[in-house]
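The primary structure of each chain is shown beneath.
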Amino acid sequence: MAVEIEQFMCRTDNFGVLVHDPASGQTAIIDAPEEGPILVALKRTGWTPTMILTTHHHADHVEANLALKERFKLRIVGPEAEKAKIPGIDETVEEGSVLHLGDERIEVIATPGHTAGHVSYHLPGSKVAFTADTLFALGCGRLFECKPPVMYESLKKLAALPAETTVYCGHEYTLANARFALSVDPTNSALRERAARIEALRVEGKPTLPTTIGEELSTNPFLRWHDPAIRKHLGMEKAGDAEVFAEIRKRKDNF
Ligand code: ZN
Ligand code: FE
């Protein structure tokens, strides 16, 4: 049986996410940006959390760790490489680690780039991935602790997940990302249609997430380093994929 997922806003533009395995009754919280909205979501669903799955150490992803641990006596899981910076951490994971939510298998994918220890969580049985600040809808995270080739390798791993995988991200940045995406890939009709849909959703105050790997492959310039039209637009027809990625990331930083 697939997991059930509750997504909601925290802080200004962070997403909070609850993942519930109906068979076992277990619930995981993906990152803990803010206690209040997480408590409201738990009340709304009636779910009791058993663990927090931390993606990376930034304050907007771990701020409610200790408060939630105190309240629910839950287990906090996070990347080994960032354990010193993750409040209340009980258990560490790295590339290839496997966790379980009931019988649901959770595979850990190391996705450094935004931070040096960032991990993503993939539930192959439910075809869902939580990529936090590595892969965004139409974007990717800023490179605070790593060079572009590191993020490129991380994104390549996520791009290789099944196209039908549903993807939940750390932030509602999609509208700004769409504007940038159109600046490097202006002739992509799938992107133009998606940008229009995103504008309409935001006008109504609705979230643009989750997305899917397939949708990102056809519209997200940070996964389209191979695309001839983007390469031509950048004047990088003969460059390596990682170089194209680095150029797109640099342009976004200055956009
Ligand atoms: Zn972050
Ligand atoms: Fe963040």
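Structure first, text after, so check above.
An account of the accompanying structure is given in this report. Computed from a prediction, not measured in an experiment: that's the story for all the values here.

Structural notes on the overall build of the chain
When you go through the chain residue by residue, the secondary structure sums to nine helices and 14 strands. For 255 residues, the compact-globule formula gives about 18 Å, and the C-alpha radius of gyration of the chain, at 18 Å, lands near that figure. The burial tally for the chain puts 52% of its 255 residues in the buried class. Contacts in the chain between residues at least 24 apart in sequence constitute 59% of all its contacts with a sequence separation of at least 6. When the accessible surface of the chain is split by element, carbon and sulfur atoms take 52% of a total near 10800 Å². Taking the average location of the 29 positive side-chain charges in the chain and that of its 36 negative ones, the two points are 4 Å from each other.

Some points on the sheet that holds strand β2 (residues 14-20)
The strand order β1-β2-β3-β4-β5-β6 describes an open sheet built from six strands, whose pairing is mixed. Single-partner strands in this sheet number two, and they are β1 (4-10) and β6 (91-93). When the angles between neighbouring strand axes are averaged without regard to direction, this sheet yields 25°. Pairing of strand β4 (residues 49-53) with strand β5 (residues 75-79), which is carried by three bridges, proceeds in the parallel orientation.

A few points about the coordination of the iron ion (ligand 2)
For the iron ion (ligand 2), every protein donor is listed as D60 (OD), H61 (NE2), D133 (OD) and H171 (NE2), and the spread of their distances is 2.1 to 2.4 Å. Around the iron ion (ligand 2), the four donor atoms are arranged such that angles at the metal cover 84 to 172°; this shape is classified as irregular. Here the donor residues of the iron ion (ligand 2) are spaced in sequence according to D-H-x71-D-x37-H. The distance between the iron ion (ligand 2) and the zinc ion (ligand 1) comes to 3.0 Å, and D133 binds to both of them. Placement of the pair is D133 in the loop between β10 (128-132) and β11 (135-136) and H171 in the loop between β13 (166-169) and α5 (174-184), with a sequence separation of 38 residues. Of the residues examined, H171 reaches a relative accessible area of 4% and is grouped as buried.

Quick notes on the coordination of the zinc ion (ligand 1)
Taken together, H56 (NE2), H58 (ND1), H114 (NE2) and D133 (OD) make up the full set of protein donors to the zinc ion (ligand 1), lying 2.2 to 2.4 Å away. Around the zinc ion (ligand 1), the four donor atoms sit at angles spanning 85 to 173°, and that spread fits a shape best called irregular. Mapping the donors of the zinc ion (ligand 1) onto the primary sequence yields the spacing H-x1-H-x55-H-x18-D.

Topic: helix α9 (residues 241-253)
The first and last C-alpha atoms of α9 sit 19 Å apart over 13 residues, in line with the 18 Å expected at 1.5 Å per residue. Looking only at α9, the buried set comprises V244, F245, E247, I248, R249 and K252. Of the surrounding secondary structure, the elements contacted by the buried residues of α9 are β12 (139-140), α4 (148-159), α5 and α8 (228-234).

Considerations on the nonpolar core
Judged by nonpolar contacts, the single largest core of 29 residues is most densely connected at L155 and F245. Listing elements by their share of this core, those giving two or more residues are β11, α4, β13, α5, α8 and α9. The dominant element in this core, judged by the number of residues it contributes, is α4, at five residues. Contact partners of F245, with chain neighbours within four places excluded, come to C140, P148, M151, Y152, L155, F222 and W225. The next biggest cluster of nonpolar side chains, apart from the first, holds 19 residues, and it includes V17, V77, L99 and V128.

Observations concerning the packing of aromatic side chains
Each aromatic ring pair is described using two quantities: the centre-to-centre distance and the angle formed by the ring planes. All chains considered together, the criterion is met by six aromatic pairs. Here the aromatic rings of F136 and Y173 are separated by 5.0 Å at their centres, their planes lie at 70°, and the arrangement is edge-to-face. Placement of F136 in strand β11 and of Y173 in the loop between β13 and α5 is noted, with a sequence separation of 37 residues between them. Since its relative accessible area comes to 4%, F136 is described here as buried. The interplanar angle of 25° and the centroid separation of 5.9 Å between the aromatic rings of F180 and F222 together place this pair among those described as stacked. Here F180, found in helix α5, pairs with F222, found in the loop between α7 (213-219) and α8; they are 42 residues apart in sequence, far enough to count as distant. There is no split in this pair, since F180 and F222 are both buried. Three or more aromatic residues link up through ring pairs in this structure, and these residues are F180, F222, F245 and F255.

Calculation rules
- Residues numbered from 1 in each chain as written.
- Chains lettered and ligands numbered in written order.
- Predicted model: local features only at pLDDT ≥ 70, side-chain atom pairs only at ≥ 80, totals over all residues.
- Heavy atoms only, no water.
- Helix = DSSP H or I, 4+ residues; strand = E, 2+ residues; numbered from the N terminus.
- Rg over C-alpha atoms; globule rule 2.2 N^0.38 Å.
- Buried < 20%, exposed > 50% of the residue type's maximum accessible area, 1.4 Å probe, protein only.
- Contact = heavy atoms within 4.5 Å.
- Areas by Shrake-Rupley, 256 points an atom, 1.4 Å probe, with all protein chains shown as cover.
- Lys, Arg positive; Asp, Glu negative; His and termini not counted.
- Charge placed at Lys NZ, Arg CZ, Asp CG, Glu CD.
- Pairing = 2+ DSSP bridges.
- Axes fitted to C-alpha atoms, helices over the stretch in contact; angles between N-to-C directions.
- Donors = N, O, S within 2.8 Å, 3.2 Å for Na, K, Ca; no water.
- Tetrahedral: all angles 85-135°; square planar, octahedral: opposite > 155°, others 65-115°.
- Expected span 1.5 Å × (residues − 1).
- Core = buried A, V, L, I, M, F, W, Y, C linked by side-chain atoms within 4.5 Å.
- Phe/Tyr/Trp six-rings, centres within 6.5 Å; stacked < 30°, edge-to-face > 60°.

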